[in-house]
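Observations on the three-dimensional arrangement
Below, each chain spelled out in residue letters.
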Amino acid sequence: MLKSRNKLIEEVNKVYSECSSHDWDGYGAEPISEMSYRNTLKFVNLLFDKLSDKLISVDPGAEPDGTCTLEFYSDPKNILSISISDDSKLDYAGFSKGE
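Before going into details, it helps to say that this report is about the structure given with it. Residue positions within a chain follow its written sequence, with the count starting from 1. Local features in this predicted model are restricted to residues whose pLDDT is 70 or higher, and side-chain atom pairs enter the listing and the counts only when it is 80 or higher, whereas totals over whole chains, interfaces and linings include all residues. Neither water nor hydrogens contribute to the side-chain values; these are computed over all heavy atoms in the structure.

Focus on the packing of aromatic side chains
Here the distance between the centres and the angle between the planes together describe a pair of aromatic rings. Pairing of aromatic side chains here covers Phe, Tyr and the six-membered ring of Trp, requires ring centres within 6.5 Å, and sorts the geometry by plane angle: under 30 degrees stacked, over 60 edge-to-face, intermediate tilted. A full pass over the atoms with the stated rule returns one aromatic pair. Aromatic side chains tyrosine 16 and tyrosine 37 sit 4.0 Å apart centroid to centroid with 10° between the ring planes, which places their arrangement in the stacked category. Of the two residues, tyrosine 16 is situated in helix α1 (residues 5–18) and tyrosine 37 in helix α2 (residues 34–50); the sequence distance between them amounts to 21 residues. Take tyrosine 37: its relative accessible area is 16%, and that puts it in the buried class. Labels follow the DSSP assignment, with helices taken as runs of H or I lasting at least four residues and strands as runs of E lasting at least two, numbered in each case from the N terminus. Remark: exposure states derive from per-residue accessible area (1.4 Å probe, protein chains only) relative to the maximum for the residue type, with buried under 20%, exposed over 50%, and partly exposed in between.

Below, the structure written as structure tokens:
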């Protein structure tokens, strides 16, 4: 689903609210750290600044280690997942299934 800057920020805020306590997933997950959350908001704003506020297809989420994630989709066969840590380190993985 295509999202605007404001919609994505709203969703990042919701993920942070839902995943900011210990064991948020019922399997012992660490809470999202405030720095990971803040770094994710910075990344989102930089991304939209570079894209001139175009709509993008991205879903925010959380990892059990306490980092925020953003998953980008160009279509169901092409996915990029980025985890944003406390120290602004980006870990990423992509999947592309060509025809």
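Examining α2
Between the first and last C-alpha of α2 there are 24 Å, a value that for 17 residues agrees with the 24 Å anticipated at 1.5 Å per step. Restricting attention to buried positions, one finds in α2 the residues Ser36, Tyr37, Asn39, Thr40, Leu41, Val44 and Phe48. Elements in contact with the buried residues of α2: β1 (2–3), α1, β2 (56–62), β3 (68–75) and β4 (78–84). A positive phi of about 55° marks serine 52, the residue just after α2. To estimate how far a helix should extend, the number of its residues minus one is multiplied by 1.5 Å. For this analysis, residues touch if any pair of their heavy atoms sits within 4.5 Å.

Let's talk about the nonpolar core
The set of buried Ala, Val, Leu, Ile, Met, Phe, Trp, Tyr and Cys residues whose side-chain atoms join them within 4.5 Å is what this entry labels a nonpolar core. Counting 18 residues, the largest nonpolar core has Leu8, Ile32 and Leu70 as the members making the most contacts within it. Of all the secondary-structure elements, those providing two or more residues to this core are α1, α2, β2, β3 and β4.

Looking at unusual backbone geometry
Positive phi values are uncommon outside glycine, yet aspartate 23 reaches one of about 65°. Structurally, aspartate 23 can be placed in the loop between α1 and α2. On the accessibility criterion, aspartate 23 (33% relative accessible area) is partly exposed. Even without glycine at this site, serine 88 takes up a positive phi of about 70°. By the secondary structure assignment, serine 88 is in the loop between β4 and β5 (90–96). Judged by relative accessible area, which is 44%, serine 88 ranks as partly exposed.

Focus: the packing of α1 against α2
Here α1 crosses α2 at 170°, and the two axes come no closer than 11 Å. It follows from the interaxial angle that α1 and α2 lie roughly antiparallel. Across the interface between the two elements, Arg5, Leu8, Ile9, Val12, Asn13 and Tyr16 of α1 pack against Glu34, Tyr37, Thr40, Leu41, Val44, Asn45, Phe48 and Asp49 of α2. Think of it as three bins: nonpolar holds Ala, Val, Leu, Ile, Met, Phe, Trp, Tyr, Cys and Pro, charged holds Asp, Glu, Lys and Arg, and polar takes everything else, Gly as well. Residues belonging to the contact of α1 with α2 are distributed by class as follows: eight nonpolar, three polar and three charged. Throughout, an axis means a line fitted to C-alpha atoms (over the contacting stretch in the case of helices), and angles, computed between N-to-C directions, take values from 0 to 180 degrees. Oblique is the label for any angle not covered by the other classes, which are roughly parallel (under 35 degrees), roughly antiparallel (over 145) and roughly perpendicular (65 to 115).

So yeah, pure geometry; function would need other evidence.
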